[in-house]
Amino acid sequence: MMFFKRKNIDNSIDMSNLPEHIGVIMDGNGRWAKKRGLPRSAGHKAGAESLKKIVTEANNMGIKYITVYAFSTENWKRPKAEVDYLMNLLMDYLINAEKTLAGENVRIRAIGSRAELSDEMCRQIEKTEKLTADRSGIVMNIALNYGGREELVNATRSLCRAVADGKLAPEDITEEKIEGELYTANQPDVDLLIRTSGEQRLSNFMLWQVSYAEMIFVKKAWPDFKPRDLHECIRIYQGRGRRFGGI
Ligand code: IPE
Ligand code: IPE
Ligand code: MG
């Protein structure tokens, strides 16, 4: 068994049993701000800082994939001012990614539907993806205008098209074929799902990929979630008995 030598990482974490893919529903920014008498936007700003720290830490620990829920297909229902603020924040995040994650070796990808995003945002996503494509560290999927159902509808359409074109027989549709059509094609399933803020629901996040994920619901709001909380989640994860239907 290998243990961390770094002082700030608790040596009770088993390095040989890290989750390969962590999903994070970064929730509670608004309530965090409200509690402090601040506008919701201040919570989102603090949340973005939290994200930088957590991704850096996950990468340092040797986690291979992290998917963070930044904006859902349902979040358009929010007031326009909040939506605009979130989009600007995400834009800044992408622009600064080179600087803020410099030397961190993070490979950034955006998952979700691009159709509703501004041209400017789409261009920036492509730029950041290209810029970080050859990084060898953690793969960070930013779920931006992401919905698990939308993802499955897309996958279904794509396979149906192949069937209609006579390129695929219905009998040949397998789990692997469906997986191949997801935004996370070629990535492992989510092993550990963390949701902050005390809510215990998926809110349309990675419906397919979390089938056997261990779920951890943390009471803290996302801006309060610290690297040591990530360590704690991983410790809890390592204490769980994953059976995948076996005994
Ligand atoms: C999560 O925080 C961030 C996004 C959904 C974009 P919320 O904005 O949902 O914060 P709460 O849940 O209202 O406190
Ligand atoms: C889920 O949080 C979406 C993100 C974290 C981006 P929400 O705050 O939108 O989810 P609900 O509305 O509480 O289910
Ligand atoms: Mg919320």
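Located above this text is the structure these notes cover.
Fair warning: this is a prediction, and the values are worked out from it, not measured in the lab.

Q: Whenever I open this one, the side chain of Asn 204 confuses me. Can you help?
A: Residue placement: Asn 204 occurs in the loop between β5 (192–195) and β6 (214–217). A residue is classified by how much of its surface remains accessible, and Asn 204, at 13% relative accessible area, is buried. Beyond its immediate sequence surroundings of up to four residues, Asn 204 is in contact with Tyr 69, Thr 73, Glu 74, Tyr 146, Gly 147, Gly 148 and Arg 149.

Q: Explanation requested: helix α2 (residues 40–61) in the structure shown.
A: Helical geometry note: an α-helix holds 3.6 residues per turn, so side chains three or four residues apart project in the same direction. Here α2 spans 31 Å end to end across 22 residues, near enough to the 32 Å set by a 1.5 Å rise per residue. Just past α2, the residue Gly 62 takes up positive phi, approximately 95°.

Q: Can you walk me through the sheet that holds β5 in this structure?
A: In a beta sheet, neighbouring strands pair by backbone hydrogen bonds and run either parallel or antiparallel. Ordered in space as β3-β4-β2-β1-β5-β6, the six strands form an open sheet in which the pairing is parallel. Sheet topology places β3 (107–111) and β6 at the edges, where each strand pairs with a single neighbour. Each adjacent strand pair in this sheet contributes to an overall mean axis angle of 20°, direction not counted. Looking at chain direction, β5 and β6 are connected through four bridges and run parallel. Within the sheet, the bridge partner assigned to Arg 195 lies in β6 and is Phe 217. Packed onto the sheet, helix α4 (residues 119–132) meets β3 and β4 (139–146) and runs at close to 145° relative to β3. Contacts between helix α7 (residues 227–239) and the sheet are confined to β1 (21–25), β5 and β6, with β5 contributing the most and set at about 135° to the helix.

How each quantity is defined
- Residues numbered from 1 in each chain as written.
- Chains lettered and ligands numbered in written order.
- Predicted model: local features only at pLDDT ≥ 70, side-chain atom pairs only at ≥ 80, totals over all residues.
- Heavy atoms only, no water.
- Helix = DSSP H or I, 4+ residues; strand = E, 2+ residues; numbered from the N terminus.
- Buried < 20%, exposed > 50% of the residue type's maximum accessible area, 1.4 Å probe, protein only.
- Contact = heavy atoms within 4.5 Å.
- Expected span 1.5 Å × (residues − 1).
- Pairing = 2+ DSSP bridges.
- Axes fitted to C-alpha atoms, helices over the stretch in contact; angles between N-to-C directions.

Read these as layout, nothing more, since geometry by itself doesn't imply function.
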